[in-house]
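Given next are the chains, with one letter for each unit.
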Amino acid sequence: MTPLVSAAPSLADVLTAAGTIPAPKVDYFAVSPLLVVFAAAIVGVMVEAFAPRGSRFRIQVGVAVLGLVAGAALVGAVAVDGRVLQTAGSAGAAVGGIVGAVVVDKPALFLQGSILVLSLLSVLTMAERTVESGGPFTPQASAVPGSPAESLARRAGLVQSEVFPLLMFSVGGMMLFPAANDLLTMFIALEVFSLPLYLMCGLARRRRLLSQEASLKYFLLGAFSSAFFLYGAALLYGFAGSVRLFDIAQAISGDSGPVGKDPLLLLGIALLAVGLLFKVGAAPFHIWTPDVYQGAPTPVTGFMAACTKIAAFGALLRVSYVALPGARWDWTPALWGVAILTMVVGAVIAIVQTDVKRMLAYSSIAHAGFILTGILAYSRSGVSSVLFYLLAYGFSTVGAFALVTLVRDAGDGDAVGGEATHLSQWAGLGRRSPLLAGLFTLFLLAFAGIPLTSGFIGKYAVFSAAVAGGGWVLALVGVLASAVAAFFYLRVVVLMYFSEPSGPTTVVATPGVPVVVAVSVAAFATLLLGVFPTVVLDLTQGASAFLP
Amino acid sequence: MPWLTLIGAVPLVGALAVWLPFTPAAKARVVALATSVVALVLTLAMALQFDVSTAGEYQFAETYRWIPDLGVSYALGVDGIALTMVALSAVLVPVCVLAGWNELDPEQSKTFFALMLVLETFMIGVFAARDVFLFYVFFEAMLVPVYFLIGFFGGPNRRYAAVKFFLYSLFGGLVMLVAVIALYVQGPGGPDGFLTDKLTGLDFSGTATERLIFLGFFLAFAIKAPMWPVHTWLPDAAAEAPAGVAVLLVGVLDKVGTFGMLTLCLPLFPEASKWAVPVVIVLAVVSVIYGALLAIGQSDLKRLIAYTSISHFGFIVLGVFAMTSYGQSGSALYMVNHGFSTAALFLVAGMLIARRGSARIEDYGGLQRSTPLLAGVFLVAGMSSLALPGLSSFVSEFLVLVGTFTRYPAAAIVATVGIILAALYILLTYQRMFTGPKRDYAAGWRDLDAREAFVVAPLIAVIIALGFFPKPVLDVLNPAVERTMQQVGVTDPEPTVAGITPAAEGTTP
């Protein structure tokens, strides 16, 4: 086979014929947000190499924040400009972005914008150094837990700052993932955003072994799922003769033979779906979620929970709405099963969790199930509802995990201990810190889908899309799972407010400005999207059509 | 003038004022009382401008786009039934604020009164909503303040009661959510597709569709009301809640269930409602008898009152689904009357429990001699509860039974047994708690003090006034009921005995 020089394999023929490599047509303006974020990541690497140790942390935070803000501004500019989007009209022809490989359409822009905003909040929670002078990350990740090297690093007051360039690479990959227009680009994006995440999971300052275990588990299982994805992509290439999503769709519509669909296609879809469903944390590919969410440093968990979901669901949307609509009747029943299983497993198993991070992990699984019902609606309102849900859930989840970082074991003297994530340690928190408990309750109510919070509008939107698409069974299972889920959210509320404090072993740390800002924005957004969702709903409805 | 928005906003602003850190804790109750009285005055001012001749139409209507993408409007308006329910809420909240005056230490009282006022906003909103989505939002949002009120300030078993209450209601509400979505899908859609007007008289795509959607709504309302067999949360919640909260919970919140049946289920799903009548009638009669029987067996005063309410809600549902104008007028009136008489019972119970420190009936006795005024109030409220002629509940219970008898004589006859059982549970309780020789435990007790008199006096006054002269309220209710009857497409059955027309105390509509 001729080597694939460009992401578009049809170019291979051109290559051998002409003997030259034609430059791919790139609309630099459309991909400028991606370029800025990756540039910030590279600058971050440089800073790590050249900046003096004392100022490194601050510079890194500054670079990351600047990169994200500039990226978000550019996303806004591209969206307002509209030129890119209009040239991208005709099917399969030149589209904004990089010809064939990347498509910057309205859903992609909305998803990129959401990822950037939520990453910005996550960076703020990662930059927290008021609670602990070293921040939430281990000073030297390579040191064996408990070894002299580790305590040496801690005593030397080293501060982890590589996490910021890693984060920026990950964000860049996430932005590329839902904008990828062929399966190879999609795979590259998957790896670009996953590999830094695997690393970041292992960076927790405390409970190092748990953190490293999380990292290793995530890496091994993630590598498996990537392999599934790649194999699926290969089979689809075998079926369609192209990895372009649009070509696959064309091949499917031309494949309506009397004997049913080509087994290559069906297998390819199944394997591809495994890879994507793993990333969104849908059952039965959810096993990694609780361990990784628990072991990873909490700010990283918040980032993963919010942004990985957006990127992965974005890619799932694009694959299912652009590449595979022709084979819809073949894969929808399976996805129905996955959605129902995900909702039920997430809601039911969360009931028995005793660790707040594990509980939120199972809750995120249940939410993945709710979002799947929106995807299965197979309509523009389905896409719109999923986009809204992802953003709303992202805000609440970043806020909730940021609050988790503040509830600490009492340490020696003034120093705080590690995070007190066992639920029993949260007892009576409402009396000790009414503000923290109040905000956490707000996020829990949003997760439970109580009206006047963003969670309710999100749930309403996905379920109404599902019912309108004939999936009232999905909606019914969804509301029943929500009722079950409400039980464990309420249990935390009961613990915080109606139980006696567990003693002086738990303290609530006073956060620094970045965390205060992040939590305030998250809480404000949770309320705003619940009471006046129109602004965002208009955006998502305008952004609900994928370009092929 | 946006009357309804104003009436709803005043308590919300008051709640914020109470809750803000710089409000001194000792002043919280004053602010709460003041705002709830302002809301009451505004409600009365609005009621005076209500045009009784068109009480079947929505008045004081306000309609704004809220979430056009989802078809949701911010639409308020009241017909006769909604007006009386808004008025009931507005009257009971200041009474309950006054009842909770000294119950809590100042720090806690800020939270308590703020939550009470937030609850008032949601209650007024739910009764005034003319948009199904808006109704649902208030219907669900109400759970949160009540949950915290029970969980923070309730009795020893409050955690269990609060969670049970929340989960029951949320389950019903979520099933209703699917029905709400399905209803919108069946409706005309568009940016204001959730307006009740647009969803009334729909041509459903199939009988089964209409019935399923109806069941979704009905289940939520039956849990809220509560009807047998989904009533089990109420005794726990009412017994654990502080008296003032129990009043609002049973007196107003649960009415949302029967209110929803009368003003949403029937007009929106006329065919399905008629289809469901036999089953609902049976469930209602079971509730009447079952609630009364269990009330007789209770040893806890507040649980007893809760079970009597289950019996009364049985009557209300019976009247609604009897599909006669007498029955429905009676039910609508019953909702008001039950609110007042149950409120009086709960509040007297609260006063007794505050003095004795126990809710067990057997811990009392002989109070007639130590605290005659308290005993008297309990007796009047109890008599109203058992529908003694001359007190308010009699009129409504009689109307319900007359209305039911013309169509379902068997159900009416069985339900009448409920009245006899009511006499048992009220009189037996009175006997056990108030009659007999003076006892030592009550030696130093003061009788009704001035504040407590202010709490119960309005209730007793209303109970007696509506007992003798229910006409003003019925005049407001009847046109709305007539409209509902038209929307369902039913007419009163012709009297079968020549020359005798069923008439009740000159209240013929």
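Residues numbered from 1 in each chain as written. Chains lettered and ligands numbered in written order. Predicted model: local features only at pLDDT ≥ 70, side-chain atom pairs only at ≥ 80, totals over all residues. Heavy atoms only, no water.

Draft legend 1. Layout of the overall build of chain B. Along the backbone of chain B there are 21 helices and two strands. In terms of C-alpha radius of gyration, chain B reaches 22 Å, essentially the compact-globule figure of 23 Å for 509 residues. For chain B, the spread of C-alpha atoms along the three principal axes comes to 70 × 65 × 40 Å. Taking all 509 residues of chain B together, 65% fall into the buried category. For chain B, long-range pairs separated by at least 24 residues make up 81% of all intrachain contacts whose partners lie at least 6 apart in sequence. Surface accessibility of chain B: about 16,800 Å² in total, with carbon and sulfur atoms responsible for 66%. Positive and negative side-chain charges in chain B, numbering 27 and 32 respectively, have mean positions lying 9 Å apart. (Helix = DSSP H or I, 4+ residues; strand = E, 2+ residues; numbered from the N terminus. Rg over C-alpha atoms; globule rule 2.2 N^0.38 Å. Buried < 20%, exposed > 50% of the residue type's maximum accessible area, 1.4 Å probe, protein only. Contact = heavy atoms within 4.5 Å. Areas by Shrake-Rupley, 256 points an atom, 1.4 Å probe, with all protein chains shown as cover. Lys, Arg positive; Asp, Glu negative; His and termini not counted. Charge placed at Lys NZ, Arg CZ, Asp CG, Glu CD.)

Draft legend 2. Local environment of the overall build of chain A. The helix and strand inventory of chain A stands at 22 helices and three strands. Split into buried and exposed, the 548 residues of chain A put 61% on the buried side. Once local pairs closer than 6 in sequence are excluded, the contacts in chain A between residues at least 24 apart make up 80%. Summed over its atoms, the accessible surface of chain A is roughly 18,700 Å², and 70% of this surface lies on carbon and sulfur atoms.

Draft legend 3. View of the domain arrangement of chain B. All names here are of chain B. Here the domain parsing of chain B yields domain 1 (1-250) and domain 2 (269-491). Averaged C-alpha coordinates put domain 1 and domain 2 at centres separated by 22 Å. Taken together, the 47 residues of domain 1 in the interface contact 47 residues of domain 2. The contact between domain 1 and domain 2 buries some 4,000 Å² in all, and 79% of this surface belongs to carbon and sulfur atoms. Looking only at domain 1, the three residues that lose the most surface to domain 2 are Phe-214, Trp-228 and Val-250, adding up to 15% of its buried area. (Domains from an automatic or database assignment. Buried area = accessible area lost by both parts, 1.4 Å probe.)

Draft legend 4. Focus on helix 11 (residues 243-253) of chain B. Counted residue by residue, helix 11 of chain B has eleven buried out of eleven residues, so it is predominantly covered. Restricting attention to buried positions, one finds in helix 11 of chain B the residues Ala243(B), Gly244(B), Val245(B), Ala246(B), Val247(B), Leu248(B), Leu249(B), Val250(B), Gly251(B), Val252(B) and Leu253(B).

Draft legend 5. Here's a closer look at the interface of chain B and chain A. Across the contact, 32 residues belong to chain B and 34 residues belong to chain A. Here chain B is connected to chain A by zero salt bridges. In this assembly, chain B and chain A are joined by six residue pairs in polar contact (both at pLDDT 80 or more). Of all elements in the fold, only strand 1 (59-67), helix 5 (132-141), helix 6 (143-153) and helix 7 (158-186) of chain B reach the threshold of two or more residues within the side of chain B that touches chain A. For the side of chain B that touches chain A, the element with the most residues is helix 7 of chain B, which contributes 15 residues. Per-class residue counts for the side of chain B that touches chain A are 27 nonpolar, one polar and four charged. (Salt bridge = Lys/Arg side-chain N within 4 Å of Asp/Glu carboxyl O. Polar contact = N/O pair within 3.5 Å; in protein donor to acceptor, adjacent residues only side chain to side chain. Nonpolar A, V, L, I, M, F, W, Y, C, P; charged D, E, K, R; others polar.)

Draft legend 6. Region of interest: the state of the cysteines. Residue and element names in this part refer to chain A. Tallied over the full model, the rule gives zero disulfides over all chains. Free cysteine: Cys-307, not disulfide-bonded; nearest cysteine sulfur from Cys-201 at 13 Å. According to the relative accessible area criterion, Cys-307 is buried, its value standing at 0%. (Disulfide = S-S within 2.5 Å.)

Draft legend 7. Highlighting the side chain of Glu120(B). All names here are of chain B. Among the secondary structure elements, Glu-120 is positioned in helix 4 (residues 106-128). Buried charge Glu-120 goes without a salt bridge, the closest partner of opposite sign being Lys-255 at 15 Å. In contact with Glu-120, other than residues within four places in its own chain, are Pro-11, Ser-36, Ala-39, Ser-89, Ala-90 and Val-93.

Draft legend 8. Summary view of the packing of aromatic side chains. Scanning all chains against the criterion turns up 56 aromatic pairs over all chains. Ring centres 5.0 Å apart and planes at 90° place the aromatic pair Tyr198(A) and Tyr218(A) in the edge-to-face group. Separated by 20 residues along the polypeptide, Tyr198(A) in helix 8 (residues 183-201) and Tyr218(A) in helix 9 (residues 208-240) bring together distant segments of the chain. The same class applies to Tyr198(A) as to Tyr218(A), namely buried. Taken together through their ring pairs, the aromatic side chains of Tyr497(A), Phe498(A), Phe112(B), Phe113(B), Tyr147(B), Phe148(B), Phe152(B), Phe153(B) and Phe166(B) make up a single cluster. Cation over ring: Arg130(B) sits above Tyr58(B), and NZ or CZ is 5.5 Å from the ring centre. We note Lys224(B) situated over the ring of Phe139(B); from NZ or CZ to the ring centre the distance is 4.7 Å. (Phe/Tyr/Trp six-rings, centres within 6.5 Å; stacked < 30°, edge-to-face > 60°. Lys NZ or Arg CZ within 6 Å of the ring centre and 35° of its normal.)

Draft legend 9. Spotlight on unusual backbone geometry. Cis geometry marks the peptide bond from Ala283(A) to Pro284(A), where omega comes out at 0°. Note on placement: Pro284(A) falls in the loop between helix 11 (263-280) and helix 12 (288-295). Backbone geometry at Met323(B) places phi at a positive 60°, although glycine is not the residue there. Relative to the elements of secondary structure, Met323(B) occurs in the loop between helix 14 (301-321) and helix 15 (325-356).

Draft legend 10. Structural detail: the sheet that holds strand 2 (residues 416-419) of chain A. All names here are of chain A. The three strands are arranged 2-1-3 in an open sheet whose pairing can be described as antiparallel. Looking along the sheet, the strands with just one partner apiece sit at the ends: strand 2 and strand 3 (506-508). Each neighbouring strand pair of the sheet contributes to a mean axis angle of 50°, computed without reference to strand direction. Both strand 1 (residues 407-410) and strand 3 contribute to a ladder of three bridges, which runs antiparallel. Bridge assignment links Arg-408 to a residue of strand 3, and that residue is Val-507. (Pairing = 2+ DSSP bridges. Axes fitted to C-alpha atoms, helices over the stretch in contact; angles between N-to-C directions.)

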